[in-house]
Each structure stands twice: as C-alpha cells, then as structure tokens.
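Architecture at a glance
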There are 2 protein chains.
Amino acid sequence: MKKLKRSARLVEMTQYLLSRPHTLIPLTTFADRYGAAKSSISEDLVIIKEVFEDEGMGELQTHAGAAGGVKFIPKMPKDQALIFAEELCRQLQQKDRVLPGGYLYMSDLLGQPSLMNEAGKIFATAFADQEIDVVMTVETKGIPLAYATGAQLNLPVVLVRRDHQVTEGSAVSINYVSGSHKSIHTMSLSRRALKEKSKVLIVDDFMKAGGTIQGMVDLLAEFDAEVAGVGVLVESGEVESEERLLRDYVSLATLAGVDSKSKEINVKPGNYFSK
Amino acid sequence: MKKLKRSARLVEMTQYLLSRPHTLIPLTTFADRYGAAKSSISEDLVIIKEVFEDEGMGELQTHAGAAGGVKFIPKMPKDQALIFAEELCRQLQQKDRVLPGGYLYMSDLLGQPSLMNEAGKIFATAFADQEIDVVMTVETKGIPLAYATGAQLNLPVVLVRRDHQVTEGSAVSINYVSGSHKSIHTMSLSRRALKEKSKVLIVDDFMKAGGTIQGMVDLLAEFDAEVAGVGVLVESGEVESEERLLRDYVSLATLAGVDSKSKEINVKPGNYFSK
C-alpha cells in the first residue's frame, strides 16, 4: 500500500483503468491500492469519467452493491470513427495499390499497429452490448485486427488455420467454397481452442462474397457455438446481391470499384456508418 | 481548445501519452490543447513522470530546445518481467499441453491479447535503445507478439508469408532449412513491404534450432536490410550447441525438456533474465 496524493492517484487510476477494459474493478481495489477512503476514490472516478466521456474514450460504468465497482468500456464516438474511416478510404484509394487481377495491396495499412488498434476500438464499440466469449479470425491478414478487437473487449482470440498444424492437436476441418472464385478450400480449428456453446465475434480484414466467413460460421456449428457478430475492415461492394452469402455484418469501408486499367480505386465508408 | 482543470488535465495527458509511445510530443501541443501555460504543463508532466516511473510503466523523457518535447518510453522493470515469465513458465508446464511428437500446445496462451501485450512490452524494453525501423515476423503464431511489440515501439509490422500471395504483389522468395527436421521450406516477402537498409527487429513465438529465424535473416539480406535484434517468446533448450544456427537473441522462456511419456514439461525463464 502506498499513500498517493490526488494528482498522482488520478494518473495511476487512469492507466490502471485504460489497461483493463471491460473488467469490473471493485472500489476497494483502488482504496487498498492507494490507502485512500472510498469516498475519495469515488470523487476521483467522477473526474476520470468526465474526461473519458468528454474525450470520446469510452464509458466508465459504475455498478453499485457488494459485487459492485467500476468498469471501463472503450468506445469511439461515431463521428470520430467516421474520420478514421474516411482517412482509411483516402489511403486505400492511392493508385499504386492496384495489383494484377484487380486485387488491392493493403498490407502496409494492416501492418500499422496503431491503425489496427483504432479499427479494433470501433469493432469493440459496435459490439459492446453483445454477449461475446471469444473473437475469431482465420489466418493470416485478419489476425492483427482480431487481436486489437479482443484487447479492447478483454476477450481471447481463436485462430482458424488454413491447414491442420501439428502444434494444434486434434482439430475439426471443413471445406468451404470461396464465393468469388467458386474454388474449394479447407480450414481447421483445434478441438481445444473453443468451448461448446461459445458466442463468437468473427473478424476479418476483407470480405467479398463472404465465403471465407461463411466457412467460419459453418465451423462454429461443428463446435455447437454461435455467431455473436461479424466485423470486416473492408468489404467489396462489387458483388451481385444474389452472390452475397452473408448479410448481417459490420464493415468500416466499402470497396466500390477498382479499374485495373486506369488504376482508379473507389472506396467509401462501410455499412457501420449507414446503420 | 478547451480549458481543463489540473485534475482533468492529468487524466487527459496520461491517456494521451500512453496511447502514443515512442512519439515526441511538443509541450505546445499540450499547452494549445488545454489552453494552459507551458509552465503548468511542465508541472503536470513532473507528476506524471513520477507515477510512471514509480509504477514501472516506463520513462517520460524530456527533450529540451526548439524541437523538444516529451516522449513516453514504455518499459517493464526486470523484476516485473520475471514475474510475468515465471507465470508463463507455470502455465506452459501444465501436463495437458504435450501433443504427439513432443510438441507443446501454446495457442491458448498466444490467444490472450493481454498476455501478448505484456510480452510485447518486455521486448520493447529489451530493444528500447536499438535503432529499429520495423518489426518482422513470419506467419502465423508470432503475429500477435510482433504487433504487440510494434505497438509499444510505435513501429510498423512486416509479415513474411509461407507462400506467395496474390494480394502481396511481386515478392522475393527464399528457401530455408528448418534446423530440427532438416526439411526445406519457402518464405516470401512482398517487395514493397520493406525499404532498403531498414533496421529490423525479428520477433517469433518459438525457436528451436533457429532455422526459421535464420531464413528471415537471409531474406533481409535480399532487401539489403539488417537485423537490429531477435526476440522469441519461448526457445527450446533441447538443441545441441553445434545445431544452433543463431546465438544472438532474447528469449522470455526456455523449454528445457518435454517427456512425452510422463507428460512432464520443464520450462524456465529465458536468457533475457540471465543477461
């Protein structure tokens, strides 16, 4: 136990709360930690709550009663999220991103931890009120996004593999059809990675017709688990409505078109902003 | 511009600094942001610095002069890192982790964002004084660790693929020999992922003889880039000295032995703690 002045306590409590999102912290934890009266801690929390909410950092929920305490729920206000999405769109529209076949080079953006953390915070906001046990993605490029989302929601991440790895133990494999190419692929998940009845938030970097994500949904059925939500960073809007396998998802950006001749790319904020 | 009281300012500045590690922030940024005198901001920073350093959260470096400001360098003290490593060892020693072939199931631990963030903070501490441009890993399981390290060091992450992906553009591929099995594999890196002369911190989840990491080192040579350091979460100590391809690295845990019959696993803190 250490006695801290209010000013030092505010700094310490701020970092303590920020590093423990979606975690209930009893007031006694703070009172013991700083050798302060609960009433002083409550006053500190009022100050912190006000700054967090004014700054659009998230909510500080107070739960009364014996099992009560305070919980930091990271949330990004929609106007701030839109600024992020517009900047993402601007960067995605750089002409030199167009690869042969009309694919888009995105690895430089996906390689920025701070950008992934912002996107993760938006997903954590979008799904803050859902009951979720784990975040799931399939290797490879969605992984940083899934971890960023898991970190903000204080949830573990489960990783679906493209092939069965010796380091994963026994696994359940399924075949799935990648919607846009109609080609068949395999994905597998370690048996011990997911408990039965788990509620799962699926996250990925890119979705076209939704075949890969539908594969994850089918895999969840094998585990008797259920989908709590689907979040994708970029969706392709270039999909015929009847080809779309998945309709209920959140996207942060929509790729409206790539002209592989003129190299023009058209990206708009995703469906999260029209909901 | 908003006028904030000192108490609110401390909360705001704390979160501002924590979310921008290894970033120089001019005092005028804060002065403008809060409509406060630079002298008040300096006083605030003294309080924050004291708490950060007392709590083992890191350093708050002050740079004087016109181009000056303040920079938060996340650092975990070695005693705190050792507590982390010992807990990691304890969890790795759970008997049910042993897979056929003596492999160890680690995906549940690698799937915890908070655990990855702690490990990333230790690597950021170990390599805080190196000049580094990017963090590199090879898919798949080292990815969360690389991003956690990159986030703490404010650096981008570059991802080496096991095969050449259409979404990566033109790439450089090399073959490498996995030391323990003497089998030959391929890894590739997109040409546009890495600038020439880059200084690269290599991060991975597991290292046995070091063949995979040596492969990344060889790949760097193709880009005229250089190794700034190597960090692995777990190294296998079950390697004959002459088989070890790599000698200069930091490990957080050492797997001393796995008995696939008795399922006994022996894990000790890594070489970071004996340096």
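Residues numbered from 1 in each chain as written. Chains lettered and ligands numbered in written order. Predicted model: local features only at pLDDT ≥ 70, side-chain atom pairs only at ≥ 80, totals over all residues. Heavy atoms only, no water.

**Some words on the pattern of salt bridges**
Residues and elements named next belong to chain A. We count it as follows: A side-chain nitrogen of Lys or Arg and a carboxyl oxygen of Asp or Glu constitute a salt bridge if their distance falls within 4 Å. Secondary structure elements are defined from DSSP: runs of H or I of at least 4 residues count as helices, runs of E of at least 2 residues count as strands, and each element is numbered from the N terminus.
One pass over the full model with this rule turns up 30 salt bridges over all chains. Two residues, E53 and K49, come together in a salt bridge whose shortest N-O distance is 3.3 Å. With E53 and K49 both in helix α3 (residues 38-54) and 4 residues apart, this pair spans about one turn of that helix. Linking D108 and R97 is a salt bridge whose minimum nitrogen-to-oxygen distance equals 2.8 Å. In this pair, D108 sits in helix α5 (residues 107-110) while R97 sits in the loop between α4 (78-92) and α5, placing the two residues 11 residues apart along the sequence.

**Examining the domain arrangement of chain A**
Residues and elements named next belong to chain A. Rules: Note: domain ranges come from an automatic or database domain assignment. Contact criterion: two residues are considered in contact whenever any of their non-hydrogen atoms come within 4.5 Å of each other. Buried area counts how much accessible surface, traced with a 1.4 Å probe, disappears from two parts once they are put together, with both parts' losses summed. Polar contacts here mean pairs of N or O atoms no more than 3.5 Å apart (in protein, one a potential hydrogen donor and the other a potential acceptor; neighbouring residues in sequence count only if both atoms are side-chain atoms). Any residue that is not Ala, Val, Leu, Ile, Met, Phe, Trp, Tyr, Cys, Pro, Asp, Glu, Lys or Arg is counted as polar, Gly included; the first ten are nonpolar and the last four charged.
The domains assigned to chain A are domain 1 (6-74) and domain 2 (78-273). Computed from C-alpha atoms alone, the centre-to-centre distance between domain 1 and domain 2 is 33 Å. Each partner contributes to the interface: domain 1 provides 8 residues, whereas domain 2 provides 8 residues. Between domain 1 and domain 2, a total of about 590 Å² is buried, with carbon and sulfur atoms accounting for 46% of that surface. Ranking the residues of domain 1 by area buried against domain 2 places P21, H22 and P74 at the top, with a combined share of 70%. Here domain 1 and domain 2 share 0 salt bridges between them. Between domain 1 and domain 2 we count 2 residue pairs in polar contact (both at pLDDT 80 or more) in total. When the residues that make up the side of domain 1 that touches domain 2 are grouped by side-chain class, the tally is 4 nonpolar, 3 polar and 1 charged.

**Considering the sheet that holds strand β2 (residues 58-63) of chain A**
Residue and element names in this part refer to chain A. Basically, it comes down to this: DSSP-based pairing: two strands are paired if at least 2 bridges between them are found.
The 3 strands lie next to each other as β1-β3-β2, forming an open sheet whose pairing is antiparallel. The sheet terminates laterally at β1 (24-25) and β2, the two strands that pair on one side only. Direction of pairing for β1 relative to strand β3 (residues 69-74): antiparallel, over a ladder of 2 bridges. Considered in β3, the bridge of L24 is made with K71.

**A short note on the interface of chain A and chain B**
At the junction of the two partners, chain A supplies 49 residues and chain B supplies 49 residues. Summing both sides of the interface, chain A and chain B together bury roughly 3800 Å²; the carbon and sulfur share of this comes to 65%. If you look at where chain A meets chain B, you find 2 salt bridges. Viewed at the interface, chain B and chain A are joined by 14 residue pairs in polar contact (both at pLDDT 80 or more). Counting only elements with at least two residues in the side of chain A that touches chain B, the list comes to α1 (6-18), α3, α5, α6 (113-126), α7 (143-153) and β5 (157-160) of chain A. Residue contributions to the side of chain A that touches chain B peak at 8 residues, all from α1 of chain A.

**Digging into the sheet that holds strand β1 (residues 24-25) of chain B**
In any sheet, the strands associate via hydrogen bonds between backbone groups, in a parallel or an antiparallel arrangement. All names here are of chain B. For clarity, the cut-off: Lines fitted to C-alpha atoms define the axes, with helix axes restricted to the stretch in contact, and inter-axis angles between N-to-C directions lie between 0 and 180 degrees.
In space, the 3 strands of this open sheet follow the order β1-β3-β2, with antiparallel pairing throughout. Edge positions in the open sheet fall to β1 and β2 (58-63), since each of these has one partner strand only. As judged from the 6 bridges shared by β2 and strand β3 (residues 69-74), these two strands associate in the antiparallel manner. Looking at the pairing, L60 lines up with F72 of β3. The sheet strands contacting helix α3 (residues 38-54) are β2 and β3, and the helix crosses β2 at an angle near 150 degrees.

**Let's talk about the relation of the copies chain A and chain B**
The test is simple: For this overlay, a least-squares fit was computed on C-alpha atoms, restricted to residues scoring pLDDT of at least 70 in both copies.
Structural alignment of chain A on chain B gives an RMSD of 0.0 Å, achieved by rotating through 180 degrees and translating 0.0 Å along the axis. The superposition operator between the copies reduces to a two-fold rotation axis. Comparing interface residues between copies, 100% of those in chain A also lie at the interface in chain B; the contact surface is shared.

**Quick word on the environment of I143 of chain A**
Mapped onto the fold, I143 of chain A is located in helix α7. Separated by 33 residues in the primary sequence, I143 of chain A and L110 of chain A have C-alpha atoms spaced 9.4 Å apart. Non-local contacts of I143 of chain A, meaning those with residues more than four positions away in its chain, are made with T137 and L159 of chain A together with T140, I143 and P144 of chain B.

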